[in-house]
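Per-entry structural report
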Amino acid sequence: MGRVHCAVRIYHPSPRLTLRLQALKLSNELLRQFCAILREGFLSRFLGCGFRAWFVVALSGLLAPMCVADTNTPITLDTSETLFTVLTAMNTCGYNVDLNISDAQRSNIRAEVERNLRNSEEAQTVTNTMCEWYLAHQAIDQAHILSQYLSLALYLEGPPNFVPRVREEDLPPDAVPIAAFGAQLEQFYAKAGLHAIWERHRANYAALVERYHVPLAKMVFDTDIYLRLQTGGYLGRRFTILLDFMGDPSEANARNYGSDYYVVLFPSPDASSVDPLKLPQIRHTYLHYLLDPMADKHPSAIKRIEPLLQSVKRAPLEESFKRDISLLVTECLVRAIEIRTTGTKQTAEAMRLQAVDDAVKQGYILTHYFYDALLKFEKDPAGLRSAYADMLDGIDLKVQQKAANEVQFADVTAPELVQLSRMEDRRMLLTAEKRLAAGDPKGAQELAQQALDRQIGDQGRALFILAQVAVANRNREGALDNFQKAIQATKDPKVVGWSHVYLGRILDMKEDREAALNEYRAALTAGADLPEVKAAAERGLQQAYEPPAKPQ
């Protein structure tokens, strides 16, 4: 049999050389793997003549998006000099998480940066300024520092300029408070000689990409074959895997921004460790990439089962799953597919059912239904895109509600891997600020409270808006409370600085001048780089605040 050449599009570090993935060529070796897949599991149950004919057609369709003639495959395995720069800056400023179990390249690169800094007093000055900014803007929740900077890195222009390539309202909410970090990076990148270091390690980054060739190819093929879906079936959507040495090898970060899906990984150097390449995390995100659009295409069927959200209010789920039935449905289906396709045909059914039960107890209440539905799906040659509507229509709302009400939910659940950033969510706080400025405090309050309840964006920024609303409504105590909470909930210097200014003014009106002076001094410290905050704080230090006279 002749070879059929196919590929996932892979990129080496800059200059971006497109490789035709040798491991994805359907050589005799991979064809033997495909035959092994046919002999195992669900496919083995329907290898009659009809299925053979269907399989030949389906296989050609599945491979079409990845064939050499097609340069528009949506799956990209890549490295990024911008990501490298952000992570290297973090390492230089004290990001040491799991350094001892990271690839040796992380320590090597750190040592090269330190050597460059030692040899240049100017570079040391620039680095000190950047690190002071970094430490002053660290998230309150230390666990989200890496995630926050990865969100920013995905939206920065490439070197030598690291400015956001979108407007503030289009940035992921967690990146907004640190958007100015790009300005700090520009001089550090130049003075620390990062481009030369990046160039010296290009071969190492290429080898890192190479580690993923065969396993990624097999994961994509196995998933597409099981679901009978085409990888490139959705135009204008992209799935990108970014690799780097400079992060915590125990971390996997995945996110969905509109039509773009990203997974950012720092592979373990120990090939014998459990899941060194984190393929389950890649597959989980890839399943979302394939399945999320299906829910969007069936709004009426999804809306019909929305009452099930009442059944998960007491579950330990993230809030997004408790307010959006489409997210819950997709996550349950993703987990059911993972359970059905993990292991081998020798994996005991009892073990799979235990995994289903665990998912249900975490709040993914439709996992059992979809698991059973997949058993039927596996015996039908139709692909999931055709079967999806029937799966939704087959959900008996009363039966599922009764079953959910009988579940003894777990106390906690693991956080969902894929972070979702919808455009309307990203703009929520900005819209709230605009409504407040336009004289609509009620509208601003509703949006800010919604962002707070749903944990969208910077929580300190939302509290600051609520405090301003309280000021507009002459609710002095409510304003005091929310300004104080805002200071505790954020590191955004604008929010912190203005909160202290407002607290000083309120305390002046309460005739507590000493306490007011302390707030103005704190505002001066927090907002030293913000001219408007600085000017307001200095006025407060010079003279007690008096509210403007009412117009006659």
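The rules behind the values
- Residues numbered from 1 in each chain as written.
- Predicted model: local features only at pLDDT ≥ 70, side-chain atom pairs only at ≥ 80, totals over all residues.
- Heavy atoms only, no water.
- Salt bridge = Lys/Arg side-chain N within 4 Å of Asp/Glu carboxyl O.
- Helix = DSSP H or I, 4+ residues; strand = E, 2+ residues; numbered from the N terminus.
- Buried < 20%, exposed > 50% of the residue type's maximum accessible area, 1.4 Å probe, protein only.
- Disulfide = S-S within 2.5 Å.
- Phe/Tyr/Trp six-rings, centres within 6.5 Å; stacked < 30°, edge-to-face > 60°.
- Lys NZ or Arg CZ within 6 Å of the ring centre and 35° of its normal.

1. Topic: the pattern of salt bridges
Within the structure shown, the criterion is met by 16 salt bridges. Across the salt bridge formed by D260 and R238, the nearest N and O atoms sit 2.8 Å from each other. Placement of the pair is D260 in strand 6 (residues 260–265) and R238 in strand 4 (residues 238–243), with a sequence separation of 22 residues. A residue is classified by how much of its surface remains accessible, and D260, at 11% relative accessible area, is buried. According to the relative accessible area criterion, R238 is partly exposed, its value standing at 47%. A salt bridge links D481 to K485; its shortest N-O distance comes to 3.2 Å. Taken as a pair, D481 and K485 lie in helix 23 (residues 476–489) at a separation of four residues, close to a single helical turn.

2. Side note on the state of the cysteines
Tallying each qualifying case throughout the model produces one disulfide. Shown here is the disulfide that connects C93 with C131, its sulfur atoms set 2.1 Å apart. Looking along the S-S bond of the C93-C131 disulfide, the torsion reads about -80 degrees, which is the left-handed sense. One end of the pair, C93, is in the loop between helix 3 (81–92) and helix 4 (104–118); the other, C131, is in helix 5 (residues 121–136), and 38 residues separate them in sequence. One exposure class covers both C93 and C131, and it is buried.

3. Some points on the packing of aromatic side chains
Scanning the model with the defined rule gives 22 aromatic pairs in all. Ring plane angle 70 degrees and centroid distance 5.4 Å describe the contact between Y369 and F370, whose orientation is recorded as edge-to-face. A residue is classified by how much of its surface remains accessible, and Y369, at 16% relative accessible area, is buried. Relative accessible area serves as the criterion here: at 0%, F370 is assigned to the buried category. Each ring, one from W498 and one from Y502, has its centre 6.3 Å from the other, and the planes form 50 degrees; the classification is tilted. With a gap of four residues between them, W498 and Y502 both fall in helix 24 (residues 493–509), about one helical turn apart. Looking at W498, the relative accessible area reads 17%, which means it is buried. Taken together, the ring pairs connect F84, W198, Y205 and F245 into an aromatic cluster. The ring of Y155 has R165 lying over it, and the distance from NZ or CZ to the ring centre is 4.8 Å. Positioned over the ring face of F377 is R228, at 4.2 Å from the centre of the ring.

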